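Inside the fold
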Amino acid sequence: MPGDGAAPALDVPAAGREEAATAMAEAAAWLGSLSEDQFPLAAYDSPLHPDAETERLRWFYTPTEHGGLAIRDQSPHQQSLAMRLLATGLSTAGYATVTTVMGLENVLDQMEGWTVHWGRQRGRDPGLYWLRIFGRPGDRIWAWRLGGHHISLNNLVVAGRLVSTTPCFIGADPATTELLGGTLRPLQGPEDTARQLARSLDADQFRRALLHPSAVSDIVSGNRPHVRHGDTMMHMQDLWRGPFEDPDLDRLVDDIDRRAEEGSGYTESDHARVAITIPPKGICGRDLDEGQRHLLRRLVVLYTGRAPEFLADAYDTHYASDTVLDLVHFGWAGSTDIGEPHYYRVQDPRILIEYDNTQRHANHAHSVWRDLTSDFGLDALAEHRAHVAHE
């Protein structure tokens, strides 16, 4: 994807990539615990196989079937092994956030009166997170993903090194939950930091940052395998693996999308206004003061901090550079008032970050971190194929 200037090189220690890949391969011994019936669901062909690669690039964040072996369909021991593999793809804080979001399915089930079914026995199910491995751990090329409602984690290993951890999607519904003596907000940091940055802008800065007075009803990049200039928001009907057997569920999705569009008030021209663009929209880091730059940098690393620590540290160092931060753009749509629908975007030649909290009266958040240069590790795979072709 062309960018607003070249993406500055990200210096990631090879030893970190190798240690992460080794930890993943060891944890992927989960495969050895599976029965003959479970194994075909969990183990897919190598990413080098075209059909397998097509499936690997199909990712979701809706409560649809994500592909793989569901946590609920595993024994307690197998579940423990699966969670061990999940943890290798995240920082300690990232793992805590993801598993909290998974548990929120119980809260959401109660909020909806246990009435939503989505064509399965339990509509909101903390066990319906699917794990799938592409290729075999230890192969030169292999990958794994975990996905379910509001979670999608995608990892690729090439030549014994972890080369990609994106797209990385984390949502929360409800975004805010009252606890005894406190409040649970899994995405509190990314939301509050962005709002603080938006509120710190003076009138001219905010004018440059403002993408639209009203918030778009979902992240704009959706679950596309590739992000391109001019992409507009994907509608709800396109965010599922396929049509439902029950036509009532198709009508339900249509109704959710209709109500979301009515709530945002968006027309085609509004969607075009907040489309993904190269160069990015919004205000760039070079036009912010030191305090605002600090908030922008913190916002970026709250997303890249989801990754294993070695990679999170590399991003932390990367965005500490003034030259790098100068290229980062911040865009906002909607109200800056707490509890009101809002959307923001952070973008530079490398990263695309999106966050929206609009649905369910601004208590249903989506957030995604994507790498415009290396989502799914496609650049590393292309390099591998080119090398093999010239051997």
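Here the structure is shown first, and the text comes after it.
The structure displayed is predicted, hence computed values, not measured ones. (Residues numbered from 1 in each chain as written. Predicted model: local features only at pLDDT ≥ 70, side-chain atom pairs only at ≥ 80, totals over all residues. Heavy atoms only, no water.)

**Thoughts on the packing of helix α1 (residues 14-27) against helix α4 (residues 76-88)**
Orientation of α1 relative to α4, taken along the N-to-C sense of each, is 170°, at an axis distance of 9 Å. Compared by their axis directions, α1 and α4 come out roughly antiparallel. Counted together, Ala23, Met24, Glu26 and Ala27 of α1 and Leu81, Arg84, Leu85 and Thr88 of α4 form the full contact between these two elements. Its residues placed into classes, the contact of α1 with α4 shows five nonpolar, one polar and two charged. (Axes fitted to C-alpha atoms, helices over the stretch in contact; angles between N-to-C directions. Helix = DSSP H or I, 4+ residues; strand = E, 2+ residues; numbered from the N terminus. Parallel < 35°, antiparallel > 145°, perpendicular 65-115°, else oblique. Contact = heavy atoms within 4.5 Å. Nonpolar A, V, L, I, M, F, W, Y, C, P; charged D, E, K, R; others polar.)

**Some details on empty space enclosed by the protein**
The final tally for this structure, using the stated rule, is three cavities of 30 Å³ or more. Within this model, the largest cavity holds a volume of roughly 80 Å³. As for the largest cavity, its lining consists of Ser217, Asp218, Met233, Met234, His235, Met236, Leu239, Ile256, Asp257, Ala260 and Gln359. Here the element with the most residues in the lining of the largest cavity is helix α8 (residues 247-264); it accounts for three residues. A class-by-class count of the residues in the lining of the largest cavity yields six nonpolar, three polar and two charged. Estimates place the volume of the second largest cavity at around 60 Å³. (1 Å grid on protein atoms, 1.4 Å probe; cavity = no way out; pocket = protein on both sides within 12 Å on 5 of 7 lines; lining within 4 Å. Points joined across faces, edges and corners; volume = space filled by probe spheres on them.)

**Considerations on the layout of surface pockets**
In this structure, the largest pocket encloses a volume near 710 Å³. Surrounding the largest pocket, 34 residues form its lining, Ile256, Arg259, Gln359, Arg360 and His364 being those nearest its centre. Counting residues per element, the lining of the largest pocket draws most heavily on α8, at seven residues. Grouping the constituent residues of the lining of the largest pocket by class yields 14 nonpolar, 14 polar and six charged. Computed from the structure, the second largest pocket encloses a volume of approximately 550 Å³. Listing elements by their share of the lining of the second largest pocket, those giving two or more residues are β6 (161-164), α11 (309-318), β15 (365-371) and α14 (378-389). Classifying every residue of the lining of the second largest pocket by side-chain character gives eight nonpolar, seven polar and seven charged.

**Things to note about the pattern of salt bridges**
Summed over the entire model, instances satisfying the criterion amount to 29 salt bridges. A salt bridge links arginine 124 to glutamate 112, with the shortest nitrogen-to-oxygen separation between them at 2.8 Å. Separated by twelve residues along the polypeptide, arginine 124 in the loop between α5 (92-111) and β3 (129-134) and glutamate 112 in the loop between α5 and β3 bring together distant segments of the chain. Arginine 293 serves as the salt-bridge partner of glutamate 290, at 3.9 Å between the closest nitrogen and oxygen. In this pair, glutamate 290 and arginine 293 are both assigned in helix α10 (residues 290-304), three residues apart and thus about one turn of the helix distant. For glutamate 290, a relative accessible area of 61% gives the class exposed. (Salt bridge = Lys/Arg side-chain N within 4 Å of Asp/Glu carboxyl O. Buried < 20%, exposed > 50% of the residue type's maximum accessible area, 1.4 Å probe, protein only.)

**Side note on the side chain of asparagine 223**
Within the fold, asparagine 223 resides in the loop between β10 (210-212) and α8. We classify asparagine 223 as buried; its relative accessible area is 8%. A distance of 2.7 Å separates a polar atom in the side chain of asparagine 223 from the backbone oxygen of tryptophan 59. Apart from residues lying up to four places away in sequence, asparagine 223 is in contact with Trp59, Phe60, Tyr61, Met234, Asp238 and Leu239. (Polar contact = N/O pair within 3.5 Å; in protein donor to acceptor, adjacent residues only side chain to side chain.)

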